[in-house]
Structure formats: C-alpha cells, structure tokens
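Take a look at the letters that make up each chain.
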Amino acid sequence: MTEVLEQEAKGASAHAAKYTRNNPYFSTVTVNELLTAEGSEKETRHVELSLEDGMTYTPGDAVGILPENRPEAVAEVLTALGFKGDERVLDHYKVEISLEEALRTRLGIGKLARGSVNQYAKLAPEIEGLKVMVGPEHKARAEEYCWGREFVDLATDFPGVVKDPQELFHVLQRLTPRMYSIASSQAMHKDNVQTTVRVVRYDAHGRSRQGVASGHLGDRAGVGVKMPIFLHANGNFRLPEDTSAPVIMIGPGTGIAPFRSFLEERQAKGETGDNWLFFGEQREAMDFLYKEQLQAMHKDGVLTHLDTAFSRDQAKKVYVQDRMQEKAAELYAWLERGAYFYVCGDATRMAKDVETALLDVIAKGSNGTLEHAAEYLAAMKKQKRYQRDVY
C-alpha cells in the first residue's frame, strides 16, 4: 500500500481529476478474491473496482481508497467514551453529522498517534498517567504506550476525559485515504482499476486488530459493494518512454502490483523491450501471487526472465536480493544496455537491501569500487533509470 499523499498535488494535473479525495467516485467492487492459498501466513487479495468513462490511469499510478472504521471498533470507542453515538457534531467542513458517523467515516480511531495522546492529556492535565507521556522529554514513554494500541485503549485506560464529543476533532487525526499501487493496465482493462492488498490482522494488548483499509477490503468489500475511490498520478514511477528499453523489476509481496501493470501494458501494446522480474514471498505453494499469469507471460516471451525467491521453502532463507547477486553478471550487462531498474515494496528493509545488492552488482560487473558503483547509481537516478515506489 503506497501512502504517497504529498505527491497528490504534483500529480493531479496529469489527470482530469474530476474525482479527488474530497470528492471521490463511488466505485463498485467487481472482483475481490484471495490470492494466497490455505495455510499461508498472509492474506493477500486481488481487488477490481469499476471506473466511470473518462477516468484514466497510467501504469505506476495508485488508487486512493477511502475506508471506513469497522462498526465493532466504533461501538467499542463509544462504550469507552460513554456516548450513545446519536450526539451531533460538526465535521472538518462544519457539516453536522452524528458522532457515530464521525467515528466511522471521518476520524482515525485506529493506530494510536503520540499527537492524540498529547491532545487527550490537555483535556485532563491533572491525570498523572497522562502527564508522564506529554512533552519531548517523555517521547520514548509515549511511543512505547502507543505501540500496538488504538484510541479505544487510551479512552479505556483513562476514562471520562472527553466531556464534549466535538473535542474528538482536536484529539484524533482525520481518517485519510490509503494509496494502493495499481496492478492493471487500462490498455487491457478499459473500465476498471485493479490492486493487490495484504490484509493486516494482529492481536495486541488483549484485542484483535486489523488494518483500517485492508480490513475493510478484506471483510466488508464483497462483490457489489460501493467503495469511494479516486485515481492518483505518480509521475516518479513510469515505464521508459523508449518502448524498446529493457526493464528490471524487483517486487516482492504486494510490491508485485505495479509490475503486473507494467507487464500488462507492454504486452497489450506489443512493446519490444525485454522484461526481467524478481518476485519473492514466503512459500511458493501458497504465496506465489499471480503465478499462472506470470508464468504464461514468461512462456510467451513477454517476461524475458522470471526469478523467484521463496524465503521459507528451504532451511536458509533466500530473498530477492540474493537472487540478484546470483545473476550479477547478467544484471550488470542489462544495466550496460540501458535497462531501467524499479523497486516496489517495503521501504524499511527490503528496498535498502536491494539497493545494497545493486551497488554490489555494479561494483562486481565494472571491476570497480563501491564508490564507483555509487556514482554509477547516481547517474542512473539522474537519467530516471532507477525508480522506487516504497512504503
């Protein structure tokens, strides 16, 4: 899920953006199916959403989805606060709605933010347990408290603080859209947009939790359900203008999404550039997302190379960066031919490990130092031949 919210203003001009986060299109879910097999540790879904005529996107773009908080979570918060839900409040645009609607559609009651703890504490400066989490000197303690908790925990641990429901608009952040990399090409699917969603579910501090948007898509967005969406341009993640240029794609897990879009686009338009995909997940039998389609593309020659890394299928874990090292000589030869290199997925570890492996591949291939490799990579970035969509 790409949360590149700050890029929206920049990218909006690329589309006739009739629909935006503040004026979404009410799309119909036409497909919502499980991609992972029984026994997988992950729940990854393929979701297809209808589009209105005139709504267009480019491979590399994202679809913004406006989720709702689940009714059970809203009910728990109302109980913790001691409100009924029919109390009237003004939303961020001064529109009068019920407190229940505000908690369901306007306010972020999921993942607890330190800012919310600070604002909550301002309403009850006398409560000792809140005092010790306020201010820069107590940042570590506040962060430790927030870890794995949601607003309901704060309201339960320190009850009776919110006297007027309107105060919640100062305490809680807005419920924001979630950005998901588009996994389809409009050249192949004219009237819909598709994405790949990992449903986040976990237990923490004695409660079952789920991701706000992924939980909504996993549990409450069956076929026929309406979802508010908008299209979001991402000009920093694009196929080469030269359709004969080779493309190397590193997309483990749901990072496969934009590369399915890239491959469908090149296939639909008959583009001649070579394509090399590195895909990684836990287990081939359960977690090989879009396996049949990718293997068919490989067989048809759309995918020149398909390299996979299934980390749990052998005693020693193997990742996409290991496969890159194994194919170092050929990878470097592709780069020398002017290949574009793309990475999509987890920013914290995977993207860094992939960049380290890439520098190593360049150093080995050019018989150079890591310093020389860094210069080579800097030149690629300048030429927009190294692009990342990480989150």
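Residues numbered from 1 in each chain as written. Predicted model: local features only at pLDDT ≥ 70, side-chain atom pairs only at ≥ 80, totals over all residues. Heavy atoms only, no water.

1. Structural notes on the overall build of the chain
Phase 1: Assigned secondary structure in the chain consists of 16 helices and 15 strands.
Phase 2: For a compact globule of 391 residues, the expected C-alpha radius of gyration is about 21 Å, and the chain comes in at 23 Å, within 12% of that figure.
Phase 3: In terms of overall dimensions, the chain has a C-alpha envelope of 65 × 50 × 40 Å along the principal axes.
Phase 4: Within the span of the chain, comprising 391 residues, buried residues form 52% of the whole.
Phase 5: Long-range pairs, those at least 24 residues apart, make up 75% of the contacts in the chain between residues at least 6 apart in sequence.
Phase 6: Carbon and sulfur atoms provide 50% of the accessible area of the chain, an area that totals close to 18200 Å².
Phase 7: Separation between the mean location of the 49 positive side-chain charges and that of the 57 negative ones in the chain comes to 2 Å. (Helix = DSSP H or I, 4+ residues; strand = E, 2+ residues; numbered from the N terminus. Rg over C-alpha atoms; globule rule 2.2 N^0.38 Å. Buried < 20%, exposed > 50% of the residue type's maximum accessible area, 1.4 Å probe, protein only. Contact = heavy atoms within 4.5 Å. Areas by Shrake-Rupley, 256 points an atom, 1.4 Å probe, with all protein chains shown as cover. Lys, Arg positive; Asp, Glu negative; His and termini not counted. Charge placed at Lys NZ, Arg CZ, Asp CG, Glu CD.)

2. Thoughts on the UniProt feature "domain: FAD-binding FR-type" (unreviewed entry) in the chain
Phase 1: The feature "domain: FAD-binding FR-type" (unreviewed entry), as annotated in UniProt, sits at residues 22–240 in this numbering.
Phase 2: Taken end to end, residues 22–240 is 26% helix and 24% strand, and its two terminal C-alpha atoms sit 32 Å from one another. (UniProt positions renumbered as here; feature names shortened; annotations may be inferred.)

3. As for the sheet that holds strand β14 (residues 340–345)
Phase 1: In spatial order, the strands read β13-β12-β11-β14-β15; together these five strands make up an open sheet with parallel pairing. This sheet does not close on itself; its edge strands, each paired only once, are β13 (305–310) and β15 (386–390). On average, each strand axis in the sheet is inclined to that of its neighbour by 10°, with strand direction left out of account.
Phase 2: Together, β11 (247–250), β12 (275–281) and β13 form the strand contacts of helix α14 (residues 328–336), whose direction differs from that of β12 by roughly 135°. (Pairing = 2+ DSSP bridges. Axes fitted to C-alpha atoms, helices over the stretch in contact; angles between N-to-C directions.)

4. Looking at unusual backbone geometry
Glycine aside, a negative phi is what most residues show, and trans is what most peptide bonds show.
Phase 1: Of note, N367 is a non-glycine position whose phi angle comes to about 50°, a positive value.
Phase 2: As for its position among the elements, N367 is in the loop between α15 (350–365) and α16 (370–382).
Phase 3: Note on N367: relative accessible area 74%, which makes it exposed.
Phase 4: Backbone geometry places K384, a non-glycine residue, at a positive phi of 60°.
Phase 5: Secondary-structure assignment places K384 in the loop between α16 and β15.
Phase 6: A residue is classified by how much of its surface remains accessible, and K384, at 53% relative accessible area, is exposed.

5. Examining the layout of surface pockets
Phase 1: Roughly 600 Å³ of volume is contained in the second largest pocket.
Phase 2: If you trace the second largest pocket, you find 22 residues lining it, with R21, L66, T105, R106 and L175 closest to the centre.
Phase 3: Listed by contribution, the elements that provide at least two residues to the lining of the second largest pocket are α3 (99–105) and β10 (226–232).
Phase 4: Among the residues forming the lining of the second largest pocket, the class breakdown is nine nonpolar, five polar and eight charged. (1 Å grid on protein atoms, 1.4 Å probe; cavity = no way out; pocket = protein on both sides within 12 Å on 5 of 7 lines; lining within 4 Å. Points joined across faces, edges and corners; volume = space filled by probe spheres on them. Nonpolar A, V, L, I, M, F, W, Y, C, P; charged D, E, K, R; others polar.)

6. Re the sheet that holds strand β6 (residues 178–181)
Phase 1: Pairing in this open sheet of six strands is antiparallel, and the strands run β6-β3-β10-β1-β2-β7 from one edge to the other. The sheet is open, and its two edges are formed by β6 and β7 (192–198), each paired on a single side. The average angle at which neighbouring strand axes cross in this sheet is 40°, direction not considered.
Phase 2: Direction of pairing for strand β3 (residues 62–65) relative to β6: antiparallel, over a ladder of four bridges. Each bridged residue has a counterpart across the sheet, and for V63 the counterpart in β6 is Y180.
Phase 3: Contacts from helix α9 (residues 212–219) reach β1 (25–34), β2 (44–50), β3, β6, β7 and β10, with the element oriented near 65° to β6.

7. Considering the pairing of β11
Phase 1: Across the two faces of β11 the burial is the same, with V247 and M249 and I248 and I250 all buried.
Phase 2: When β11 meets β12, the two strands line up parallel, connected through four bridges. Residue pairing in the sheet places V247 in a bridge with N275 of β12.
Phase 3: Where the polypeptide runs from β11 across helix α10 (residues 257–268) and back to β12, its parallel neighbour, the crossover connection is right-handed.
Phase 4: Sheet analysis places β11 next to β14, joined by four bridges and oriented parallel. From the neighbouring strand, V247 faces β14, where its bridge partner is Y340. (Right-handed = clockwise from strand over helix to strand, strands pointing away.)

8. Here's the deal with empty space enclosed by the protein
Gaps left between atoms show up when a probe the size of a water molecule is rolled over them.
Phase 1: Taken as a whole and judged by the stated rule, the model has two cavities of 30 Å³ or more.
Phase 2: By volume, the second largest cavity amounts to about 30 Å³.
Phase 3: What lines the second largest cavity is simply A80, L81, Y120, A155, F158, P159, G160, V161 and V162.
Phase 4: Grouping the constituent residues of the lining of the second largest cavity by class yields eight nonpolar, one polar and no charged.

9. Thoughts on the nonpolar core
Phase 1: Counting residues in hydrophobic clusters, the biggest one holds 35 residues, and the most contacted among them are L103, Y120, L130, F151, L154 and L168.
Phase 2: If you list the elements that add at least two residues to this core, you get α2 (71–81), α3, α4 (114–122), α6 (139–146), α7 (151–157) and α8 (168–171).
Phase 3: Considering each element in turn, this core owes the most residues, six residues, to α2.
Phase 4: Setting aside chain neighbours within four positions, we find L168 in contact with L81, L99, L103, L107, F151 and V162.
Phase 5: Among the nonpolar cores identified, the runner-up in size contains 30 residues, and L358, L359, M380 and Y386 belong to it. (Core = buried A, V, L, I, M, F, W, Y, C linked by side-chain atoms within 4.5 Å.)

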